[in-house]
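Here is how the chains run, residue by residue.
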Amino acid sequence: MSLDGEFGLVKSLDENIERISELFPVGKSFDIVTREMNFGSTRAYWIGINGMFDSEVMQLMLSDLQNPIFTRDDVIHNLEDYVTSKTSVAQMSLEGDIRKILKNVVSGPAAILVDGFEKAIIIDLRKYPARSIEEPENEKVLRGAKDGFVETLLFNANLIRRRIRNFNLTFEMNTIGNDSKSDVAIAYVGGIANEKLIDDVRAAIRKVDVDSLTLGSKSLEELLVKKRWFNPLPSIQITERPDVACSYLEEGYVLVIVDNSPSVIILPGNIFQFSQSPEDYYRNPLTGNMFRLLRNLSVIISLYLLPVFLLIVGHMPDLAEKLSLISEGLPGAIRLLCFVIFAEFGLDMLEYASAHSPGNLITPVSVVGGIVLGEMAVNMQWFSEEVLFYSAITLLTTFVISSHEFSDALRLYRIVLILLTGLFGIPGIIIASILVLVSVLTTPSFAGSGYFWPLYPFNGPALKALIFRKTTISAQPDVRKRKKTPY
């Protein structure tokens, strides 16, 4: 059937079945289930996807529709009245466009075509396969909620609505992907979120023209904010924690929830979001502020500890001896640079191997990498103990940073700083710092909302709230202030 033809149903059931079979692999795909039936003397045709609906409720409903008591009139004269009076399923509608009927079928609802009518009955009894709700691995906290988003959009919306019972909490549904037809919901609290922000998110979602969102929210993130190759910093924050998502909703932000993805996009994003952690708010204010300060210092240490060590030891030997930065003979600048580069990539490989090893292999991998390889490398004079020591501190600081994407970007910046510092000394570290600064300053944000807000444009109270963890009563935002989102 040509895609340019007419897609409306006709009154002939046989013709409708033939047209659907031309568009849909009925009889070829094993999971497409069909059945011909009779409602009294009226013929009908049922079609659905096996495993995507509640089969027990569906069987009961079909049994009712074919019950002789319900069909004693023998002939259906008004399909809408018949459906309204004979069924108890809440989510049911009539649809006459074949494309929309099939879109519903592949999304989970089933369809019933009735002879003599130009509309089909759409029955929504979706029951997707889903994993249990559990705390996300990347955002664990010692105290607080232990639930996390899953791959089912409806479940994620329910997790948010459990926490925010505001009448104006809204989930607007959209579809993205010519092939995947992924469901994407825009979530916001009306009266709190900035209306211009909501409109811009809607417009950005509607502009997306792709075949499929192969990687869920990550694919959509790259489509919403176009970045250049020299901008490794993340522009959009993503969370798998419902409590974090709800806190942003209450502050006037907008969420984008993608079906089949456990990660929720928070719009707009700024650089200060990536140094925050929900752990700060599950501790008392003094302890939370201490850990937040430690996390912010870890960003600087992660970037500059190894380059500064390389600069002093490799290019300022007198100062290195005075500070006792290295115990034995000073290696040359190039040799020391090789030590640092090998240590950097070696520890990165160890981290990657540990993160992607099965649970029962994490300890052996850590032992082999940390003890056997590290000790042998020092004994074979591939590294020095000092290089391994400072590299280990640098690795620990990256673990302190809550956002993995942010710490990965810092790692790339650190490699640039190490290379230029090792080769050119003081001019190298200055040039590398300028390059890093240019990359950071040119990082785009969603719809130009301000990647460095509230530092620029400056907002003193908001900046203070980001730097210091407030008590619960003082952190409650006033509605008038919440509407002034960083946008």
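It should be noted that the structure appears before, not after, this text.
Notes on the structure follow. (Residues numbered from 1 in each chain as written. Predicted model: local features only at pLDDT ≥ 70, side-chain atom pairs only at ≥ 80, totals over all residues. Heavy atoms only, no water.)

1. Concerning the pairing of strand β5 (residues 120-123)
Judged by which residues are buried, β5 turns out to be covered on both faces: Ala 120 and Ile 122 on one side and Ile 121 and Ile 123 on the other are all buried. Pairing of strand β3 (residues 92-95) with β5, which is carried by four bridges, proceeds in the antiparallel orientation. When the sheet's bridge partners are listed, Ser 93 is paired in β5 with Ile 122. Sheet topology places strand β4 (residues 110-114) next to β5; four bridges connect them, and they run antiparallel. By the bridge assignment for β5, Ile 112 is matched with Ile 121. Between the end of β4 and the start of β5, which pair antiparallel, lie five residues, with Gly 116 showing a positive phi angle near 95°. (Buried < 20%, exposed > 50% of the residue type's maximum accessible area, 1.4 Å probe, protein only. Helix = DSSP H or I, 4+ residues; strand = E, 2+ residues; numbered from the N terminus. Pairing = 2+ DSSP bridges.)

2. Describing the packing of aromatic side chains
Under the criterion given, the structure shown has six aromatic pairs. Between the aromatic rings of Tyr 248 and Tyr 253, the centroid separation amounts to 5.0 Å while the plane-to-plane angle is 90°, which identifies the pairing as edge-to-face. The buried category is assigned to Tyr 253, whose relative accessible area is 5%. Relative to Tyr 390, the ring of Phe 389 lies with its centre 5.2 Å away and its plane at 70°, an arrangement referred to as edge-to-face. Phe 389 gets classed as partly exposed once you look at its relative accessible area, which sits at 46%. Put simply, the rings of Phe 309, Phe 389 and Tyr 390 touch in pairs and so form one group of aromatic residues. (Phe/Tyr/Trp six-rings, centres within 6.5 Å; stacked < 30°, edge-to-face > 60°.)

3. Describing the side chain of Ser 298
Looking at the secondary structure, you find Ser 298 in helix α9 (residues 285-315). Look past the residues within four positions of Ser 298 in its chain and what remains in contact with it is Thr 397 and Val 400. (Contact = heavy atoms within 4.5 Å.)

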